[in-house]
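# Coordinates in review
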Amino acid sequence: EAGVAQSPRYKIIEKRQSVAFWCNPISGHATLYWYQQILGQGPKLLIQFQNNGVVDDSQLPKDRFSAERLKGVDSTLKIQPAKLEDSAVYLCASSTFRVGYEQYFGPGTRLTVT
Amino acid sequence: DAKTTQPPSMDCAEGRAANLPCNHSTISGNEYVYWYRQIHSQGPQYIIHGLKNNETNEMASLIITEDRKSSTLILPHATLRDTAVYYCIERDAGGTSYGKLTFGQGTILTVHP
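Computed from a predicted model, the values in this text were never measured in an experiment.

Conventions adopted
- Residues numbered from 1 in each chain as written.
- Chains lettered and ligands numbered in written order.
- Predicted model: local features only at pLDDT ≥ 70, side-chain atom pairs only at ≥ 80, totals over all residues.
- Heavy atoms only, no water.
- Helix = DSSP H or I, 4+ residues; strand = E, 2+ residues; numbered from the N terminus.
- Buried < 20%, exposed > 50% of the residue type's maximum accessible area, 1.4 Å probe, protein only.
- Contact = heavy atoms within 4.5 Å.
- Areas by Shrake-Rupley, 256 points an atom, 1.4 Å probe, with all protein chains shown as cover.
- Lys, Arg positive; Asp, Glu negative; His and termini not counted.
- Charge placed at Lys NZ, Arg CZ, Asp CG, Glu CD.
- Polar contact = N/O pair within 3.5 Å; in protein donor to acceptor, adjacent residues only side chain to side chain.
- Phe/Tyr/Trp six-rings, centres within 6.5 Å; stacked < 30°, edge-to-face > 60°.
- Salt bridge = Lys/Arg side-chain N within 4 Å of Asp/Glu carboxyl O.

### Describing the overall build of chain B
Along chain B, the regular secondary structure elements total zero helices and nine strands. Overall, the C-alpha framework of chain B stretches about 45 × 30 × 25 Å when taken along its three principal axes. The burial tally for chain B puts 42% of its 113 residues in the buried class. Contacts spanning at least 24 positions in sequence make up 57% of the contacts within chain B whose residues lie at least 6 apart. If you sum the accessible surface of chain B, you get close to 5,800 Å²; carbon and sulfur atoms cover 49% of it. Averaging the coordinates of the 9 positive side-chain charges in chain B and doing the same for the 11 negative ones gives two points 2 Å apart.

What follows is the structure, encoded as structure tokens:
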């Protein structure tokens, strides 16, 4: 079974530029999550999709972050404009709705904002 | 905010059992205890979860106290590849949270030769 795919793996941009991350979840997984992990901290949920609908975006900085999941499969997370404090690893995860429904994480995208 | 408490770091000798404690004194009746780990430069990996009974799988064992206020993750024969950050998480398995995970700081487990 193929895992969660993310790209790019690394990205360096200057502040005020825009950036986009892509995630392809495990086939058949209806739920998709984006997390932000700042160095030395645990991951923090930014947004959660159920199919192509948003079920939780309470911690998404909506003035600069946006996310979409067209057709309920792939997802993109965008930051525009980026700030220095956005430097972090952005993790995508997916899960089914079966009992336990553990989340499977991708390798993440390491973003550095200079 | 995370509702669990874990020691910031622990050491373990290779081949010995690693016992990682977690306090979750405010856990409610419909919340499970989940354990994930994160090896350096990788995404978190699911290990095990439980509600009130002890659980075992191919990776680890989970011992939950009878009052459910604490638990211990046991890696029976730790190897160098088990060096990672281990997260203990309370998770609502129902309702509208859709299984949201709230990570804390975790425990850095270092397995040494």
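### Quick word on the side chain of Ser94 of chain A
Residues and elements named next belong to chain A. With respect to the element layout, Ser94 can be found in strand E9 (residues 88-95). One polar contact links Ser94 to His29, side chain to side chain, over a distance of 2.8 Å. Residues contacting Ser94, with those up to four places away along its chain left out, are Val4, Pro25, Ile26, His29, Thr31, Leu32, Tyr33, Glu102, Gln103 and Tyr104.

### A closer look at the packing of aromatic side chains
Residues and elements named next belong to chain A. Applying the stated rule across the entire model yields 12 aromatic pairs over all chains. Arranged with centres 5.0 Å apart and planes meeting at 25°, the rings of Phe21 and Tyr90 form a pair that is stacked. Of this pair, Phe21 sits in strand E3 (residues 19-24) while Tyr90 sits in strand E9, placing them 69 residues apart in sequence. Here Phe21 and Tyr90 have matching classes, each one buried.

### Focus on the pattern of salt bridges
Residues and elements named next belong to chain A. Counted under the stated rule, the structure contains five salt bridges over all chains. Salt-bridge contacts for Asp86 lead to Arg64; the nearest nitrogen and oxygen are separated by 2.5 Å. One end of the pair, Asp86, is in the loop between strand E8 (75-79) and E9; the other, Arg64, is in the loop between strand E6 (53-56) and strand E7 (65-68), with 22 residues separating them in the sequence. In this pair, the class of Asp86 matches that of Arg64, namely buried.

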